[in-house]
Amino acid sequence: MTRPQQSTMHRCLLISEIVDEICEILYCNYQFKALSRISQTCKTLHEAVAPTLWKDIVGLIPLLRLLPQDTWTETQNPDGRGTTFHITNPDAIDWTRYQYYAPFVRSFSWSSYENFSTETLAAVALHSPYGNALLPRLSELTWDDFRPPCIAFAHIFLTSSIRKLDLFVHERCQPVATAALFEHAAHACKEVEVLKLNSDCCASDFYAEFLPTVDIALAKWLRVLTNLRRVRGGHYFSARCVEALATLPHLEKVRLYINSEQMDAAASALVPLSAAGTCFNSILDLELDIFQLSWGSDAFLRTVRSPNLHRLQLTIDCSADSFIVQKHMQACASAAYKVSLRHISFSMSSDDSAHPPPALSVKTIISPLLALQQLEAVYVALPILEVDGATLRAMTEAWPALKALVIWDLSRSDRTRPSKYDLTLRDLVHVARNCPGLRTLDLSLDATDVPADDDPVVQQFLSDPSHCRLKYLSMCRAPIGDPNAVARFLIRLFPELEVTFDSNPCRWPNDWEEVKELLREERARTGLTRQTLAAVCTNVSS
């Protein structure tokens, strides 16, 4: 006779929603062995668990091991590390078990570590029961194989159900196969929403020439991806591909690597599109990695039509003077997204380490952006820069909603380029007063002199307790005076402050370690005081 608790449990397990929930919990906690054991319990549970157990796999070998054992073999590698899978009798393969489990696979990864010979891939591609699609219901595919010959077989994993695609292609050493892959994708993968594209052409190779066959095939594919929302990776884009991306109606996030020549060509193509009202209309997050600033990059920033762009990141490989950078910031401040922009990042490296560029004026660069009062995060990184207290005060007064402000002087981590510290602790008073929501501050300053309590600026702006919520303050290689005085002053400005350090501690004076410890002790003491006060208030009210 069956005990009541057993029959109740059995009845519960007959409810598919309960079994699905159990499987999902085990899957999310990486309990794959437990799932496997459950699937071997009975036919009913096997059928319930199999879709979860097989929905995410790495490599094709787990599936191909389901084929009849007399049709394949695994041989030891000559170096003794692992084995290689071989199809030995492709004509005799019974695909029944494979066809049962393959449709469960939703996420699939293929890498250079797959122990497959190209002959085996060719046999699988030729005899696949699904024609050109080995995994008919795949939604996420990662193809990360650095072996050039294997790119010729990537197409057998492309299906119309794919929504997230991560591709590494060999456009330099396998241009014909790469172009064929893009052409096939234009017909087989039209519903992709997230595309990550990397290639054997290094993204920093700004002088590389484009291969027309590959370029045309990729642009053709991009044009049909009407549901594409995100494009990322390190692929090097041409003007033709940028133009294709600009017309996509749902594109929200994109990162573009592009050289000056292609940027100028892209800008020429985008100007009439923008005039017609169709140029990156839905973009929310834009990252541009370009060789140098030019009229094309300036025009590009002006052509973007999205009224909702909230994040813009510009990374420049070649230095430019302050006024050229200012012109580009003016383009941002007058573009269609001038009201929506919340986060702007601008970084520029030096193209000649032997002859560093002149210092760039932060005041000149950011002046057009002072009109954008909604900015919440500003990041500026330059080879050598000039910034003073008046500029810092102007920024904090113009951007009261700031949550992060980074003014990164790249020369400050180079001992061969002595930094000029034009900011002092006194200048932080305006930061605390004007930006109560600031959480991260990173800049170079001189902490040798601590303002006295009778300092006019301190008296004027710190007559009341500070409410600035700054938590992370980084001041790489900043000179420091009395650590105790510095700590007391900083905690007065920023009650929640923690001093964060550069990744190389040898760049820091040891006194900053003492400041960090003093701040920690003060936070602990203040926290206990607040807890005691809260307890007293609770007792009084009760």
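Criteria and cut-off values
Residues numbered from 1 in each chain as written. Predicted model: local features only at pLDDT ≥ 70, side-chain atom pairs only at ≥ 80, totals over all residues. Heavy atoms only, no water. Helix = DSSP H or I, 4+ residues; strand = E, 2+ residues; numbered from the N terminus. Buried < 20%, exposed > 50% of the residue type's maximum accessible area, 1.4 Å probe, protein only. Areas by Shrake-Rupley, 256 points an atom, 1.4 Å probe, with all protein chains shown as cover. Expected span 1.5 Å × (residues − 1). Bend = angle between axes of the 7 residues up to and from the residue. Contact = heavy atoms within 4.5 Å. Phe/Tyr/Trp six-rings, centres within 6.5 Å; stacked < 30°, edge-to-face > 60°. Polar contact = N/O pair within 3.5 Å; in protein donor to acceptor, adjacent residues only side chain to side chain. Pairing = 2+ DSSP bridges. Salt bridge = Lys/Arg side-chain N within 4 Å of Asp/Glu carboxyl O.

A. Structural detail: the overall build of the chain. In terms of helices and strands, the chain carries 19 helices and 19 strands. Within the chain, the proportion of its 542 residues that are buried is 48%. Accessible area for the chain stands at about 25,700 Å²; split by element, carbon and sulfur atoms hold 53% of it.

B. Inspection of helix α11 (residues 260–275) at higher detail. Given a rise of 1.5 Å per residue, 16 residues ought to cover 22 Å, and the 22 Å separating the end C-alpha atoms of α11 matches this to within 8%. At A269, α11 shows its maximal kink, close to 25°; a proline, P272, follows between one and four residues later. Close packing links the buried residues of α11 with α10 (239–246), β9 (253–258), β10 (285–290) and α12 (295–303). One or two steps after α11, the chain reaches G277, where phi turns positive at roughly 90°.

C. Summary view of the packing of aromatic side chains. Counted under the stated rule, the structure contains 13 aromatic pairs. Relative to Y98, the ring of W95 lies with its centre 5.2 Å away and its plane at 85°, an arrangement referred to as edge-to-face. Ring centres 5.9 Å apart and planes at 25° place the aromatic pair F182 and W221 in the stacked group. A residue pair is termed long-range when its members are at least 10 positions apart, and F182 in helix α8 (residues 175–188) and W221 in helix α9 (residues 212–224) qualify at 39 residues.

D. Here's a closer look at the side chain of D289. Mapped onto the fold, D289 is located in strand β10. Take D289: its relative accessible area is 7%, and that puts it in the buried class. Among the polar contacts listed, one links the side chain of D289 to the side chain of R255, at a separation of 3.0 Å.

E. Geometry of the pairing of strand β3 (residues 83–87). In this structure, strand β2 (residues 72–76) lies alongside β3, joined through 5 bridges in antiparallel fashion. Paired with T75 across the strands is T84, a residue of β3. The hairpin formed by β2 and β3 contains 6 residues between the paired strands, and G80 there has a positive phi angle of roughly 80°.

F. Region of interest: unusual backbone geometry. Non-glycine residue F280 carries a positive phi angle of around 50°. Of note, F280 is situated in the loop between α11 and β10.

G. Summary view of the pattern of salt bridges. Scanning the entire structure with this criterion turns up 17 salt bridges. When the shortest N-O distance is used, the salt bridge between R229 and E193 registers 3.6 Å. Of this pair, R229 sits in the loop between α9 and β8 (230–232) while E193 sits in the loop between α8 and β7 (194–199), placing them 36 residues apart in sequence. Accessibility expressed as a relative area gives 29% for R229, which makes it partly exposed. E193 sits in the partly exposed class, given a relative accessible area of 27%. Residues joined by salt bridges that share partners form a network here, namely R255, D285, E287, D289 and R311.

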